[in-house]
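Tertiary structure, described
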Amino acid sequence: DAIYPCGRCRQMIHEAASLGRRDIIVVASVSCIYGMGNPTEYENSIIRIHQGQVLARLGPLVGRMGRLDEAESHLRAGLSCLDEGGDRRSRANARVNLGYVHIERGDYGAAVSCLEQALALLDVERDRMWRTTAESNLAIAWAGSGRVDDALRLIDEIDRADEPRSEERRVG
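Just so we're clear, the structure is a prediction, and the values are computed from it rather than from any experiment. (Residues numbered from 1 in each chain as written. Predicted model: local features only at pLDDT ≥ 70, side-chain atom pairs only at ≥ 80, totals over all residues. Heavy atoms only, no water.)

A few words now on the packing of helix 4 (residues 53-64) against helix 5 (residues 68-85). At their nearest, the axes of helix 4 and helix 5 sit 7 Å apart, and the two run at 160 degrees to each other. One finds that helix 4 runs roughly antiparallel with respect to helix 5. The chirality of how helix 4 crosses helix 5 is left-handed. Here helix 4 contributes Gln53, Leu55, Ala56, Leu58, Gly59, Pro60, Val62 and Gly63 to the contact with helix 5, which in turn contributes Leu68, Glu70, Ala71, His74, Leu75, Ala77, Gly78 and Leu82. Of the residues that constitute the contact of helix 4 with helix 5, the class distribution is 10 nonpolar, five polar and one charged. (Axes fitted to C-alpha atoms, helices over the stretch in contact; angles between N-to-C directions. Helix = DSSP H or I, 4+ residues; strand = E, 2+ residues; numbered from the N terminus. Parallel < 35°, antiparallel > 145°, perpendicular 65-115°, else oblique. Left-handed = near helix turned anticlockwise from the far one by under 90°. Contact = heavy atoms within 4.5 Å. Nonpolar A, V, L, I, M, F, W, Y, C, P; charged D, E, K, R; others polar.)

Quick look at the structure:
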């Protein structure tokens, strides 16, 4: 359920072990375990990982190794958990990655479906980077499925949306 690198490591390890919990992973440095350093820093470095995120993150990794069936399986399992309680961005990200797996396979119809679902979850302003990735992949899927004009139009929209940011980078 969560990964806790923090100053309470020994206590958490004993609690998890005594309760027989198998859904907690404690990651700690030697300094953390022996109480060296600033406990507040350890406390501030807590990373919470919700059920489904690990599988959803594992999918793209095995996909990069060319194991597309396994990648799809991990992403679908992650999505089934995330759809029940994951945050919007995690659900969208998993769908973008699943869409990419479908593109790699040449299954452009399935890719379009995943990517359109991802875009529906992403906010136009706050999630610009994720939207750009999803839109770029959607353009590839559209081109692969014969919708070349739609793909080119989308690429033009992406370029226009990025122009103000390019100007800011040149001026800044």
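Turning to the layout of surface pockets, a few remarks are in order. There is about 270 Å³ of room inside the largest pocket. Lining the largest pocket are 15 residues, and of these Pro60, Leu61, Arg64, Asn97 and Tyr100 lie nearest its centre. Ranked by residues supplied to the lining of the largest pocket, first place goes to helix 6 (residues 88-105) with six residues. The residue makeup of the lining of the largest pocket, split by class, is seven nonpolar, five polar and three charged. (1 Å grid on protein atoms, 1.4 Å probe; cavity = no way out; pocket = protein on both sides within 12 Å on 5 of 7 lines; lining within 4 Å. Points joined across faces, edges and corners; volume = space filled by probe spheres on them.)

Before going further, it helps to spend a moment on helix 7 (residues 108-121). Here helix 7 contains 14 residues, and its C-alpha end-to-end distance of 20 Å stays within 8% of the 20 Å for a straight helix at 1.5 Å per residue. Among the residues of helix 7, Ala111, Val112, Cys114, Leu115, Ala118, Leu119 and Leu121 are the ones counted as buried. On its buried side, helix 7 packs onto helix 6 and helix 8 (128-144). (Expected span 1.5 Å × (residues − 1). Buried < 20%, exposed > 50% of the residue type's maximum accessible area, 1.4 Å probe, protein only.)

Looking now at the nonpolar core. Residues Leu115, Leu138, Ala141, Trp142 and Leu154 are the most contacted members of the largest nonpolar core, which totals 18 residues. If one sorts the elements of this core by residue count, helix 7 sits on top with six residues. Those residues in contact with Leu154 that lie beyond four places of it in its chain are Glu135, Leu138, Ala139 and Trp142. In this structure, Leu68, Leu75, Ala94 and Cys114 belong to the second largest nonpolar core, which totals 11 residues. (Core = buried A, V, L, I, M, F, W, Y, C linked by side-chain atoms within 4.5 Å.)

This brings us to helix 8. Taking 1.5 Å per residue, 17 residues should reach 24 Å; helix 8 reaches 24 Å between its end C-alpha atoms and fits that length. Residues of helix 8 that are buried include every one of Arg128, Arg131, Ala134, Glu135, Asn137, Leu138, Ala139, Ala141 and Trp142, and no others. Directly beyond the C-terminal end of helix 8, a positive phi value near 95 degrees is found at Gly146.

It is worth spelling out the environment of Leu79 at this point. Here Leu79 lies in helix 5. Separated by 14 residues in the primary sequence, Leu79 and Asn93 have C-alpha atoms spaced 9.7 Å apart.

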